[in-house]
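Okay, here's what each chain looks like letter by letter:
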Amino acid sequence: MEYVISFILAIISYMVIDNVILARYFGICSFIGVGNKIKSSIGMGLAVFFVTMMAALVCWPLYNFILVPAGMEYMETIVFILVIASLVQMVGFFIKKKSMSLYKTLGIYLPLITTNCAVLGVAESNMAFDFGRSMANALGTSLGFVLVIFIFACIRVKLEGSNLPKAFKGVPIALIVAGLMAIVFMGLGGMINLGTWGLI
């Protein structure tokens, strides 16, 4: 029971308090580039979710049962990028087959998941954890990515219909919104500080 509670709290922590975008600033490129339409943000969020989870499932045993025994830990980044690239290809083929319009909307940002710091960062940081904690990290981080990019897209779509000064349109207002979201999530982190409740 204690392990289950710890697992759930780890997911909440990585999802909200230590959010991959707003706290660690990983994956900003796709966040800004795709987070201007709700459909594309959901598509990107789900693609990153799938790749992150599958990469965690594959990379952890690959590192601990093959690279470490062989004394080839220095190869982890190259191996992880190859694994992630293969997964991104699978996702790309699937999206292209199911929704060509979404595939075109995501554009260059879909293959760029291969070098997305959010995905690679999770894969590499997981090597310091046991398998359970690594999956909590992957699940919390990917859910946090989906949540934040969706909220971000909803706000940007709403702002498109507003009368903004010309200087603020596009990327400037996107960065302001991202900054305000980061402040909100910092506040949420303080409100649900798990340590103050004696839970961690």
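Residues numbered from 1 in each chain as written. Predicted model: local features only at pLDDT ≥ 70, side-chain atom pairs only at ≥ 80, totals over all residues. Heavy atoms only, no water.

Colleague: How should I be thinking about the layout of surface pockets in this particular structure?
Modeller: Empty pockets left among the atoms are what a rolling probe the size of a water molecule brings to light. In this structure, the largest pocket occupies an estimated 230 Å³ of space. Every residue along the wall of the largest pocket is listed here: I42, G43, L46, A47, F50, M90, V91, F94, I95, S99 and L102. At the level of secondary structure, the elements contributing two or more residues to the lining of the largest pocket comprise α3 (38-67) and α4 (76-98). Among the residues forming the lining of the largest pocket, the class breakdown is nine nonpolar, two polar and no charged. (1 Å grid on protein atoms, 1.4 Å probe; cavity = no way out; pocket = protein on both sides within 12 Å on 5 of 7 lines; lining within 4 Å. Points joined across faces, edges and corners; volume = space filled by probe spheres on them. Helix = DSSP H or I, 4+ residues; strand = E, 2+ residues; numbered from the N terminus. Nonpolar A, V, L, I, M, F, W, Y, C, P; charged D, E, K, R; others polar.)

Colleague: What should I look at first to understand the side chain of S142 in this one?
Modeller: For S142, the location among the structural elements is in helix α7 (residues 131-160). A distance of 2.7 Å separates a polar atom in the side chain of S142 from the backbone oxygen of A138. The residues touching S142, leaving out its near neighbours within four places in the chain, are F49, T52 and M53. (Polar contact = N/O pair within 3.5 Å; in protein donor to acceptor, adjacent residues only side chain to side chain. Contact = heavy atoms within 4.5 Å.)

Colleague: Explain the packing of α3 against helix α6 (residues 117-125) to me, please; I cannot follow it from the model alone.
Modeller: Relative orientation and spacing of two packed helices are given, respectively, by the angle between their axes and the distance between those axes. Where α3 contacts α6, the two axes come as close as 9 Å, and the packing angle between them is 25°. As the angle between them shows, α3 and α6 are arranged roughly parallel. Classified by chirality, the crossing of α6 by α3 is right-handed. Of the residues in α6, those touching α3 at V48, V51, T52 and C59 are V119, V122 and A123. (Axes fitted to C-alpha atoms, helices over the stretch in contact; angles between N-to-C directions. Parallel < 35°, antiparallel > 145°, perpendicular 65-115°, else oblique. Left-handed = near helix turned anticlockwise from the far one by under 90°.)

Colleague: Is there a simple way to explain the confidence of the model for the protein chain in this structure?
Modeller: When the pLDDT values of the protein chain are averaged, the result is 84; 94% of them are 70 or greater. Scored below 50 in pLDDT, residues 195-200 makes six contacts in the model with residues more than four places away or belonging to other chains. (pLDDT = per-residue confidence, 0-100.)

Colleague: I keep staring at the packing of aromatic side chains and nothing clicks. Help me out?
Modeller: Aromatic rings considered in pairs are described by the distance between their centres and by the relative angle of their planes. In the structure shown here, the tally under the stated rule is four aromatic pairs. Centre to centre, the rings of W60 and F65 are 5.9 Å apart; their planes meet at 85°, and the pair counts as edge-to-face. Here the aromatic cluster, defined as three or more aromatic residues joined through ring pairs, consists of W60, F65 and F131. We note R133 situated over the ring of F129; from NZ or CZ to the ring centre the distance is 5.3 Å. (Phe/Tyr/Trp six-rings, centres within 6.5 Å; stacked < 30°, edge-to-face > 60°. Lys NZ or Arg CZ within 6 Å of the ring centre and 35° of its normal.)

Colleague: I would appreciate a short explanation of helix α1 (residues 2-17) in the present structure.
Modeller: An α-helix turns once per 3.6 residues; consequently, residues spaced three or four apart project the same way. For α1, with 16 residues, the first-to-last C-alpha span of 21 Å sits near the 22 Å given by 1.5 Å per residue. Of the positions making up α1, those classed as buried are L9, A10, I11, Y14 and V16. (Expected span 1.5 Å × (residues − 1). Buried < 20%, exposed > 50% of the residue type's maximum accessible area, 1.4 Å probe, protein only.)

Colleague: What's the story with unusual backbone geometry in this structure? I'm lost.
Modeller: Comment: phi is negative for the bulk of residues other than glycine, and the bulk of peptide bonds are trans. One non-glycine residue, Y25, lies in positive phi territory at about 60°. Along the chain, Y25 turns up in the loop between α1 and α2 (28-34). The exposure class assigned to Y25 is exposed, which follows from its relative accessible area of 58%.

Colleague: Just checking my understanding: could you explain the pattern of salt bridges for this structure?
Modeller: Side-chain pairs of opposite charge can arise whenever the charged atoms involved come near each other. Within this structure, the stated rule accounts for one salt bridge. Two residues, R24 and D18, come together in a salt bridge whose shortest N-O distance is 3.6 Å. (Salt bridge = Lys/Arg side-chain N within 4 Å of Asp/Glu carboxyl O.)

Colleague: Even after reading the chapter, I still don't get a nonpolar patch on the surface, so can you show me in this structure?
Modeller: Nonpolar side chains collect at one region of the surface, where M1, V4, I5, I8 and I12 lie side by side and expose about 470 Å² of accessible area between them. By secondary structure assignment, the location of I8 is in helix α1. (Patch = residues over 30% accessible without salt bridge, like charges linked within 9 Å, V, L, I, M, F, W, Y side chains within 5 Å. Areas by Shrake-Rupley, 256 points an atom, 1.4 Å probe, with all protein chains shown as cover.)

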